Amino acid sequence: KIGGIGTVIFGRIITGVLKTNQKITIAPNNITTHVKSIERYYHSITQAIAGDLIAINIFNVSINQIRRGMIVGDSKDDPPIAINSFIAQIVVINHPNQISIGYTPIIYCHTIQIACRFEQIIAIVNSKNYNQIEQSNPEFIKNKDRAIVKLVPIKPICVETFEKNQALGRFIIRDLNKVIAVGIIKSVNEIKNENENKIEINNEIK
């Protein structure tokens, strides 16, 4: 929060174009507001493109409503959404024991760092052909296993499938101060009642 200016978000444009006075949605909190101004390297600009590191001044949004890992998107064109679980394809690379249902390591995806529970181990798949299932619903997975799993974050987050957006769809799993697995997101489960928690702020620049 900057005195005399208000709440400023810092981040990088992953895809698309962001413009001043554009109506945006901030997920997973589902806040809708408008972009007041954009700065890049301390210079005001009217739009930012993919790859730009920018600061965005937004209307009437408290700093307490914003946290690391949130995603900003166009409210009118495929806005970002909150999800409460996702299906992922992972490779276990460095775990000393077995990974079973209930295991809750830390997931790192774009700027998110959040604990996620292994809700279901759907299958162990062939190392060369992920469409070839070697074992369905195994009790555990171990080093070098490639598996399809269901992960549930401890609170809603904003991610997308790897096919749709690579930057928001790949992640690493850390535990014991080391990387234990890597993966990509195959599908997500959207929160269906997100409109109940929607916060809309109508303050366009005239």
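Structure: see above.
Keep in mind the model is a prediction, meaning the values are calculated, not measured.

### Digging into unusual backbone geometry
At the junction of Ala 27 and Pro 28, the peptide bond is cis and its omega measures out at 10 degrees in the coordinates. With respect to the element layout, Pro 28 can be found in the loop between strand E3 (23–27) and strand E4 (31–40). A positive phi angle, near 40 degrees, is found at His 110, a position not held by glycine. Looking at the secondary structure, you find His 110 in the loop between strand E11 (106–109) and strand E12 (112–125). A positive phi is found at Asn 137, a non-glycine position, where the angle reads about 50 degrees. Residue position: Asn 137 is located in the loop between strand E13 (133–136) and strand E14 (140–141). Assessed through its relative accessible area of 53%, Asn 137 is described here as exposed.

### Some thoughts on a nonpolar patch on the surface
Together, Tyr 41, Tyr 42 and Leu 53 make up an exposed nonpolar region whose accessible area comes to about 460 Å². Relative to the helices and strands, Tyr 41 resides in the loop between E4 and strand E5 (43–45). Note on Tyr 41: relative accessible area 58%, which makes it exposed.

### Side note on the pairing of strand E16 (residues 170–175)
Residues in a regular strand project their side chains so that they alternate between the two faces of the sheet. In this sheet, E16 lies alongside E11 in antiparallel orientation, the contact comprising three bridges. Counted as the bridge partner of Tyr 108 is Ile 172 from E16. Both E16 and strand E17 (residues 178–190) contribute to a ladder of six bridges, which runs antiparallel. Bridging across to E17, Arg 174 finds its partner in Val 179. With antiparallel pairing between neighbouring strands as the criterion, E16 and E17 make up a hairpin whose turn holds two residues, including Leu 176 at a positive phi of roughly 55 degrees.

### Thoughts on the pattern of salt bridges
Summed over all chains, the structure comprises four salt bridges. Asp 78 is the salt-bridge partner of Lys 164, the closest N and O atoms lying 2.9 Å from each other. Of this pair, Lys 164 sits in the loop between strand E15 (146–153) and helix H1 (166–169) while Asp 78 is found in the loop between strand E8 (71–74) and strand E9 (83–92), placing the two residues 86 residues apart along the sequence. For Asp 145, the salt bridge is made with Lys 142, and the minimal N-O distance between the two is 3.9 Å. Classification of Asp 145 as buried rests on a relative accessible area of 12%.

The rules we used
- Residues numbered from 1 in each chain as written.
- Predicted model: local features only at pLDDT ≥ 70, side-chain atom pairs only at ≥ 80, totals over all residues.
- Heavy atoms only, no water.
- Helix = DSSP H or I, 4+ residues; strand = E, 2+ residues; numbered from the N terminus.
- Buried < 20%, exposed > 50% of the residue type's maximum accessible area, 1.4 Å probe, protein only.
- Patch = residues over 30% accessible without salt bridge, like charges linked within 9 Å, V, L, I, M, F, W, Y side chains within 5 Å.
- Areas by Shrake-Rupley, 256 points an atom, 1.4 Å probe, with all protein chains shown as cover.
- Salt bridge = Lys/Arg side-chain N within 4 Å of Asp/Glu carboxyl O.
- Pairing = 2+ DSSP bridges.

Treat this as a map of the structure, not an account of what it does.
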